[in-house]
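Understanding the architecture of this molecule
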Amino acid sequence: MNKRRRLTGKVVGNQMMKTAVVEISRTYQHPVYKKVVHDAMRVKAHDLLGCQLGDEVLIVESKPISKEKRWVVQSIVKRSGEDIVVEEGA
């Protein structure tokens with residue numbers, strides 16, 4: 001295993017060629033105010049597996065592929081509507 005970060009997120013856009021927009025959500029407690037905070041960030045990921053909207057995917061850090069793409073879709077964890085691992089990427 002290498003030191004690249006791996007994150008799980010949901011595909012919210014796939015209209016670009018070989019690119020998927022993945023939203024990574026996290027929930028944490030604020031250190032001072034103890035309030036639950038919901039945070040989300042959207043990243044563009046290189047997609048050779050053909051992700052669809054609503055799929056849950058595992059993305060991995062990579063070298064810069066284009067101006068905004070620094071992530072690659074490694075595998076599809078859950079298809080929208082299914083509960084099994086579908087595909088594994090490189």
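Computed from a predicted model, the values in this text were never measured in an experiment. (Residues numbered from 1 in each chain as written. Predicted model: local features only at pLDDT ≥ 70, side-chain atom pairs only at ≥ 80, totals over all residues. Heavy atoms only, no water.)

**Observations concerning unusual backbone geometry**
Of note, Lys18 is a non-glycine position whose phi angle comes to about 60°, a positive value. Along the chain, the position of Lys18 falls in the loop between strand E1 (6–13) and strand E2 (19–29). For Lys34, which is not glycine, the phi dihedral falls at a positive 60°. Mapped onto the fold, Lys34 is located in the loop between E2 and strand E3 (36–46). (Helix = DSSP H or I, 4+ residues; strand = E, 2+ residues; numbered from the N terminus.)

**Re the confidence of the model for the protein**
Per-residue pLDDT for the protein has a mean of 92; in total, 90% of the residues score no lower than 70. Mean pLDDT in the protein bottoms out at strand E6 (residues 87–88), which sits at 64, and peaks at E3, which reaches 98. (pLDDT = per-residue confidence, 0-100.)

**Things to note about the nonpolar core**
Ranked by internal contacts, the top residues of the largest apolar core, which has 13 residues, are Val22, Val43, Ala45, Cys51, Val57, Ile59 and Val73. Looking at this core, the elements that each hand over two or more residues are E2, E3, strand E4 (56–61) and strand E5 (69–78). Excluding anything up to four places from it in sequence, Cys51 contacts Val11, Asn14, Val57, Val73, Ile76 and Arg79. (Core = buried A, V, L, I, M, F, W, Y, C linked by side-chain atoms within 4.5 Å. Buried < 20%, exposed > 50% of the residue type's maximum accessible area, 1.4 Å probe, protein only. Contact = heavy atoms within 4.5 Å.)

**Looking at the side chain of Lys69**
Relative to the helices and strands, Lys69 resides in strand E5. Buried charge without a partner: Lys69 forms no salt bridge, and the closest opposite charge is Asp47, 9.2 Å away. A polar contact is formed between the side chain of Lys69 and the side chain of Thr19, at a distance of 3.0 Å. Ignoring anything within four residues of it in the chain, the contact list for Lys69 reads Lys18, Thr19, Lys44, Ala45, His46, Lys63 and Pro64. (Lys, Arg positive; Asp, Glu negative; His and termini not counted. Salt bridge = Lys/Arg side-chain N within 4 Å of Asp/Glu carboxyl O. Polar contact = N/O pair within 3.5 Å; in protein donor to acceptor, adjacent residues only side chain to side chain.)

**Observations concerning the environment of Pro31**
Tracing the chain through its elements places Pro31 in the loop between E2 and E3. Sequence spacing of Pro31 and Ile76 is 45 residues, and the spatial spacing of their C-alpha atoms is 33 Å.

**Comments concerning the environment of Val57**
As for its placement among the helices and strands, Val57 is situated in strand E4. Judged by its relative accessible area of 0%, Val57 falls in the buried class. In the structure, Val57 is positioned 37 residues away from Ala20 in sequence and 10 Å away in space, judged by C-alpha atoms. In this view, Val57 contacts Leu7, Thr8, Gly9, Val11, Val22, Cys51, Val73, Ser75, Ile76 and Val77; residues no more than four positions away in its chain are not counted.

**Brief notes about the environment of Lys44**
Turning to its location among the elements, Lys44 is positioned in strand E3. Within the local environment of Lys44, its side chain forms a polar contact with the side chain of Glu68, the two groups lying 2.9 Å apart.

**Here we look at the pairing of E5**
Note: E3 against E5, three bridges, orientation parallel. Residue pairing for E5: Lys44 is matched across the bridge by Lys69. Bridge count between E4 and E5: six bridges; the pairing is antiparallel. Note that in E5 the partner of Val60 across the bridge is Val72. (Pairing = 2+ DSSP bridges.)

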